[in-house]
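# Residue-level structural notes
Take a look at the letters that make up each chain.
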Amino acid sequence: MSKPTYYITTPIYYPSNKLHIGHSYTTVAGDAMARYKRLRGYDVMFLTGTDEHGQKIERRAEEEKVTPQQFVDNIVDGIKELWKTMDISYDKFIRTTDQQHKDTVQKIFKKLYDQGDIYKSEYSGLYCTPCESFYTEVQLKDGKCPDCDRDVEEVKEESYFFKLSKYQDKLIQHIESHPEFIQPQSRQNEMLNNFLRPGLEDLCVSRTSFKWGIPVTFDEGHVVYVWLDALSNYISALGFMADDEDYKKYWPADVHLVGKEIVRFHTIIWPAILMALGEPLPKQVFGHGWLVIDGGKMSKSKGNVVDPMVLVDRYGSDAIRYFLLREVAFGQDGNFTNEALINRINSDLANDLGNLVSRTTAMTMKYFDGGVLPAEQQGNEFDDSIKQLIAENVTKMEENIEQLFFNNALENIWTIIRRLNKYIDETMPWVLAKDESNKPKLAGVLYTLLESIRIVSIMIEPFMPRTCDKIWQQIGISRGKFTAWDTIHDFGLLPLDVKASKGENIFPRIDKDKELAQLETPTLTPPAPEVPAEEIVEHITIDDFFKVQLKIGEVIECEKVPKADKLLVSKIKIGNETRTIVSGIAQHYEPADFVGKKVVVVTNLKPVKLRGIMSEGMILCASDDDGNLVAVGPLGEMVSGAIVK
Ligand code: MSP
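Residues numbered from 1 in each chain as written. Predicted model: local features only at pLDDT ≥ 70, side-chain atom pairs only at ≥ 80, totals over all residues. Heavy atoms only, no water.

## Let's talk about the overall build of the protein
- The secondary structure content of the protein amounts to 22 helices and 25 strands.
- Taking the principal axes of its C-alpha atoms as reference, the protein extends roughly 100 × 65 × 45 Å.
- Looking at the 645 residues of the protein, the share that counts as buried comes to 52%.
- In the form shown here, the protein has an accessible surface area of approximately 29700 Å², with 49% of it arising from carbon and sulfur atoms.
- For the protein, the centre of its 76 positive side-chain charges and the centre of its 96 negative side-chain charges are spaced 2 Å apart. (Helix = DSSP H or I, 4+ residues; strand = E, 2+ residues; numbered from the N terminus. Buried < 20%, exposed > 50% of the residue type's maximum accessible area, 1.4 Å probe, protein only. Areas by Shrake-Rupley, 256 points an atom, 1.4 Å probe, with all protein chains shown as cover. Lys, Arg positive; Asp, Glu negative; His and termini not counted. Charge placed at Lys NZ, Arg CZ, Asp CG, Glu CD.)

The structure is reproduced here in structure tokens:
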């Protein structure tokens, strides 16, 4: 018989910057669930990925003087590295720049257009010309552009619209008849009362004001606007409208995990698109809360984002995974502090779990030569209650994790762990060990502990995939029939002849004060300190310097790049050759004034395409903190092509 399937997704993240701990939060939750379902025998598809199109990425690439594709490739490499470090076991990583995704989105757009669900009209909004961006009234800051503080103007842009309003009643009906569809319940009420019942407007699904997007096949100049592109990832990744074997196997998704701010897109726009396509809806959208710092959202501009890599480097990925899912109820917001993190590591991991394992294995080795328990064992008055407590908490844990109540599931496991530590104090093995006639009793106590630890170690596997292995090693088993999920329901399976061994301390205690002082609360990655550049300069050798080829060039032609207010394109004569170079200097030089200037050019820089123009080098410029900029040139007469060194 084929295995039942389970399809779980995270949002696809914007690769406009490095990801922070908030993004790790959703992904770790998805990973814990995916691992749990695999352990329960499901054929799991766990999807994550990146949402790579749009104006913001286009701009970031321009700032960095690379193509948008180069820009996202670089960030995506870092994201994949992060997931590897955090032991994220995704089955597929979708990028919206994947050819298959682009093809699917184009097919979806065309199908919806052909059947009349997408139509052409006019989008009107408040436009900031220098920033090339539309804003809504609410997004403005004192009536001006929120980015550059300049005046905005009302502009109309030809756009395609999706008939979202047509699906309003059907959506309400679906939500009301499927109470499990939007979780937690409070978010369902919010969607119905704040958005659906007041009425939906049609949704703009194409733009002409930027280029970095999936082109609309039948109308040049239009690119698919972000949400239609992004949401389709959940089915394009499965080969929808292409080689759709996975689609047939895994769709509809069992759950889309999303942060609360994008529940609306996933429970209104996404189901409406699927309804229009005549496809089944996901079974559930779970909108979790945010990790906040001092009550506010983390943001790059506030300089309070927490870098998960820093934390994982210091404390290991299992500790961070545990903290993320244990500290806050999954549906609610929770404050992130370094102190809370260290407290959890010290109390739950080092004290409760770490001590339980190390005390048990150390005593087994000390009292039974070689760490193997004898066959002759005797129980005690606490054993039955331990077994009962384990059975109860195993059941509750399964119920909780099935509902994505990760913190409760972990609490169930820790109820067992804490009870076991108490059991050690109650049975006092060190007293039993003093009298040879108590050996069977002592062996019985240690067996109860080792067997309970085996059960606990299996239960923590979805959350802490490294720690379970370490524990198995110490209690003398390896992955196999004694670590299968179902065995947690059967107390007493641990064979008698296992050999305990004392390994490394699985969670060493942290010196809190020392650590906090080093971490500089509340953030682990404080904004870059304002030290003079020379203090943080890393020295390079003369050989490093000579890797950069610098030459004198003469500007022979120069003009503005159409539709880009910061860019000039110049033809530069360098000795016998002429190069085309795009530079972000339009706000500092009039093209006519730039012609005839001698400048210093980096000539061995890899060419990049900027706004469709291949740029073959870089003009050196100096700029100050006030935004003044001048191109750098020779102080005296010098021929073009001369080497600068
Ligand atoms: N690209 C869209 C999603 C498209 S899905 C079809 C997007 N990307 S994002 O990079 O901004 O990521 C948002 C998601 O990251 C949130 O929905 C949430 O899952 C996670 N988080 C980002 N910051 C977070 C916190 N501070 N706390 C918890 N989760 C957070 O929106």
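## A look at the packing of helix H13 (residues 338-367) against helix H19 (residues 512-519)
- Two numbers describe how H13 lies on H19: the axes approach to 10 Å, and their chain directions differ by 150°. In the packing of H13 onto H19, the handedness of the crossing is right-handed. Seen from H13, the contacting residues are Asn 338, Glu 339, Ile 342 and Asn 343; seen from H19, they are Lys 512, Glu 515, Leu 516 and Leu 519.
- Looking at the contact of H13 with H19, its residues break down into three nonpolar, two polar and three charged. (Axes fitted to C-alpha atoms, helices over the stretch in contact; angles between N-to-C directions. Left-handed = near helix turned anticlockwise from the far one by under 90°. Contact = heavy atoms within 4.5 Å. Nonpolar A, V, L, I, M, F, W, Y, C, P; charged D, E, K, R; others polar.)

## What about the layout of surface pockets?
- Of the volumes computed, that of the second largest pocket is approximately 770 Å³.
- Forming the boundary of the second largest pocket are 36 residues, of which Glu 58, Phe 210, Lys 211, Trp 212 and Arg 611 lie nearest the centre.
- Per-element accounting of the lining of the second largest pocket gives the leading share, three residues, to helix H2 (residues 55-63).
- Grouping the constituent residues of the lining of the second largest pocket by class yields 14 nonpolar, eleven polar and eleven charged. (1 Å grid on protein atoms, 1.4 Å probe; cavity = no way out; pocket = protein on both sides within 12 Å on 5 of 7 lines; lining within 4 Å. Points joined across faces, edges and corners; volume = space filled by probe spheres on them.)

## Observations regarding the sheet that holds strand S13 (residues 291-293)
- As summarised here, the arrangement of the three strands in space is S14-S13-S15, forming an open sheet in which the pairing is mixed. In this open sheet, the two strands that pair with only one neighbour each are strand S14 (296-297) and strand S15 (334-335).
- Pairing analysis gives two bridges linking S13 to S15, with the strands arranged parallel. Opposite Val 292, over in S15, you have Asn 335 as the bridge partner. (Pairing = 2+ DSSP bridges.)

## Some points on the packing of aromatic side chains
- Summed over all chains, the structure comprises 26 aromatic pairs.
- Between Tyr 25 and Phe 330, the aromatic rings sit 5.7 Å apart at their centres with planes inclined by 55°, giving tilted as the arrangement. Here Tyr 25, found in helix H1 (residues 21-39), pairs with Phe 330, found in the loop between helix H12 (317-327) and S15; they are 305 residues apart in sequence, far enough to count as distant.
- Tyr 25 gets classed as buried once you look at its relative accessible area, which sits at 2%.
- Note on Phe 162 and Tyr 167: the rings are 6.0 Å apart at their centroids and 10° apart in plane angle, and the pair reads as stacked. (Phe/Tyr/Trp six-rings, centres within 6.5 Å; stacked < 30°, edge-to-face > 60°.)

## Considerations on the packing of helix H3 (residues 68-85) against helix H11 (residues 308-315)
- Contact pair H3 / H11: the axes reach a minimum separation of 11 Å and the direction vectors enclose 30°. Overall, the two elements H3 and H11 adopt an arrangement that is roughly parallel. Handedness of the H3/H11 crossing: left-handed. On the side of H3, the interface is formed by Glu 81, Leu 82 and Thr 85, while H11 contributes Pro 308, Met 309 and Val 312.
- For the contact of H3 with H11, a count of residues per class yields four nonpolar, one polar and one charged. (Parallel < 35°, antiparallel > 145°, perpendicular 65-115°, else oblique.)

## A closer look at the confidence of the model for the protein
- Looking at the protein as a whole, its pLDDT mean stands at 91, while 95% of the residues score no less than 70.
- Contacts of residues 521-537 to residues separated by more than four positions or lying in other chains number 22 contacts, the stretch itself having pLDDT below 50. (pLDDT = per-residue confidence, 0-100.)

## Quick look at the pairing of strand S6 (residues 153-162)
- Here ten bridges tie strand S4 (residues 118-128) to S6, and the two strands are oriented antiparallel to one another. Bridge assignment links Lys 120 to a residue of S6, and that residue is Tyr 160.
- As defined by bridge partners, S6 adjoins strand S8 (residues 203-204) across two bridges and the pair is classed as antiparallel. Looking across to S8, one finds that Phe 162 is bridged to Leu 203.

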